[in-house]
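Secondary and tertiary structure notes
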Amino acid sequence: MIEKVYDVILIGAGTAGLSSAIRCLQHELNCVMITGDITKLDYPFQSTPAESVHPGLDTLMNMLSADKAITSNSRGTYTRIYDGELFQELGRDENGAWTGTHIDKPGFVKSLFSVALSYGLNTITGEKIKTIKREKDYIIVNTSTGNQIKSRFIIDGSGKEQVAGKLLKIGKTNFSNPIICWSGLSRITNNNQMASLKTSFQKYGQNWLWLAPEINHYCTWTQVSTGKNKIYQAPVALLNASLVSPIQIHSMRWRLYNQVYTDRIFLCGDAAGLLDPSSGQGILMSVMSGIFAADTIAGIFSKEHSEAIAGSHYQQWFQQVFRDKVSQLNKYYAESSFNG
């Protein structure tokens with residue numbers, strides 16, 4: 001039995017889902033979030049690989065009243081990315097060099113979740129979505145426990161699970177050969193070795209290697225490869241360090257859903273399209289797309305925007321940004337003889 005009709009159903013309590021949730025609530029939209037077990041976020045600080053975020057994320061966090069989400073979960077900062085002795089600054093303005101941050105991802109997500117709850121977010125936890133069906137002007141979601149939830153719109157921020165895209169069987173386009181990414185967190189006891197580490201992105205055999213040195217003698221590392229039959233282990237530079245997290249392995253082939261907006265359903269962040277970590281702006285894009293989707297829905301409700309035109313605008317924006325990043329990565333990889 002359908003008990004309540006919402007303006008928006010939000011799928012997934014990741015960066016895209018929570019950013020869109022906060023923005024929807026700021027627009028006073030009536031929404032509910034369906035997500036898994038949120039207690040899985042209760043990792044001790046600095047026990048999982050960090051995520052490095054672009055300084056542009058600061059502005060978006062201020063928009064979401066989550067300005068402390070980055071600083072309170074910082075595990076290190078950087079202004080340059082090195083390749084050997086060469087380096088490139090993140091950017092510079094009248095205030096000096098821009099600063100990026102290596103953040104504790106579970107803590108960052110928990111901070112966003114706290115902000116969403118402070119705005120009065122409704123949640124349905126520990127359930128999986130089984131079906132998504134359209135009924136005239138509404139969408140009905142059926143969950144694993146038999147719940148039925150009805151809404152005008154859906155925002156899918158389910159990350160790599162890509163819930164809505166899979167259930168609706170939306171076609172995808174691949175933009176690269178198969179790519180594997182593996183990452184971990186290591187602790188270095190040698191002071192000289194730790195002092196020599198810099199935030200860097202460089203070719204490493206047939207792989208790419210990202211090193212993100214942190215506070216307390218930790219270093220997050222990520223390797224990306226198009227090769228097959230790889231041994232997924234820490235990079236040579238850190239083989240003598242202690243591995244303090246399980247190695248995470250993911251398929252990161254560049255791929256994009258052909259429709260990231262389809263009849264009142266918005267796909268955001270990784271739920272819409274995936275790029276490997278060398279794109280450098282995964283969290284930034286997740287948050288931007290979540291905010292854009294929420295603002296678009298608010299505009300439709302206030303009749304500032306036509307539903308069809310607004311949805312088409314979101315579709316064009318996301319696909320253009322994605323394709324621009326693909327072009328940049330292809331150019332970067334070609335210059336470095338990496339088979340992306």
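Residues numbered from 1 in each chain as written. Predicted model: local features only at pLDDT ≥ 70, side-chain atom pairs only at ≥ 80, totals over all residues. Heavy atoms only, no water.

Before going further, it helps to spend a moment on the overall build of the chain. The helix and strand tally for the chain stands at eight helices and 23 strands. A compact globule built from 340 residues would reach a C-alpha radius of gyration of about 20 Å, and the chain, at 20 Å, matches this within 12%. Across its three principal axes, the chain shows a C-alpha extent of roughly 65 × 45 × 40 Å. When each of the 340 residues of the chain is scored for burial, the buried share is 51%. Considering only contacts within the chain whose residues lie at least 6 apart along the sequence, 72% involve residues at least 24 apart. (Helix = DSSP H or I, 4+ residues; strand = E, 2+ residues; numbered from the N terminus. Rg over C-alpha atoms; globule rule 2.2 N^0.38 Å. Buried < 20%, exposed > 50% of the residue type's maximum accessible area, 1.4 Å probe, protein only. Contact = heavy atoms within 4.5 Å.)

Below, the discussion takes up the nonpolar core. With 88 residues, the main nonpolar core has Leu-57, Met-61 and Tyr-314 as its most contacted residues. Among the elements that take part in this core, helix α7 (residues 282–301) stands out by supplying 11 residues, more than any other. Once residues lying within four places of it in the same chain are set aside, the contact partners of Leu-57 are Ile-70, Phe-108, Ile-283, Leu-284 and Val-287. Within the second largest apolar cluster, 11 residues are counted, among which are Leu-209, Leu-211, Cys-219 and Ala-241. (Core = buried A, V, L, I, M, F, W, Y, C linked by side-chain atoms within 4.5 Å.)

With that out of the way, let us pick up helix α1 (residues 15–26). Between its first and last C-alpha, α1 extends 16 Å over 12 residues, near the 16 Å set by a 1.5 Å rise per residue. For α1, a buried count of 11 out of 12 residues is recorded, marking the element as mostly surrounded by other parts of the structure. Of the positions making up α1, those classed as buried are Thr-15, Ala-16, Gly-17, Leu-18, Ser-19, Ser-20, Ala-21, Ile-22, Arg-23, Cys-24 and Leu-25. In this structure, the buried side of α1 is in contact with β1 (5–11), β2 (31–35), α2 (57–63), α4 (105–118), β13 (148–156) and α7. The positive-phi residue at the C-terminal boundary of α1 is Glu-28, with phi of around 60°. (Expected span 1.5 Å × (residues − 1).)

The next subject is the sheet that holds strand β23 (residues 273–274). Strands sit in the order β14-β21-β23 across an open sheet of three strands; the sheet is antiparallel. Edge positions in the open sheet fall to β14 (172–174) and β23, since each of these has one partner strand only. Two elements, β14 and strand β21 (residues 255–257), share three bridges in a ladder whose sense is antiparallel. Bridging across to β21, Lys-172 finds its partner in Tyr-257. (Pairing = 2+ DSSP bridges.)

Closest axis-to-axis distance for the α1/α4 pair is 9 Å, and the angle between their directions is 20°. Between α1 and α4, the angle is such that the two are roughly parallel. Where α1 crosses over α4, the handedness of that crossing is left-handed. Across from Thr-15, Leu-18, Ser-19, Ile-22 and Leu-25 in α1, the residues of α4 making contact are Lys-105, Phe-108, Val-109, Leu-112, Phe-113, Val-115 and Ala-116. Here the residues of the contact of α1 with α4 are counted per class, giving nine nonpolar, two polar and one charged. (Axes fitted to C-alpha atoms, helices over the stretch in contact; angles between N-to-C directions. Parallel < 35°, antiparallel > 145°, perpendicular 65-115°, else oblique. Left-handed = near helix turned anticlockwise from the far one by under 90°. Nonpolar A, V, L, I, M, F, W, Y, C, P; charged D, E, K, R; others polar.)

Here we take up the environment of Met-252. With respect to the helices and strands, the residue Met-252 is situated in the loop between β20 (248–251) and β21. When near neighbours in sequence (up to four residues on either side) are disregarded, Met-252 contacts Lys-160, Ile-179, Cys-181, Leu-274, Leu-275, Asp-276 and Pro-277.

The analysis is restricted to geometry; functional conclusions fall outside its scope.
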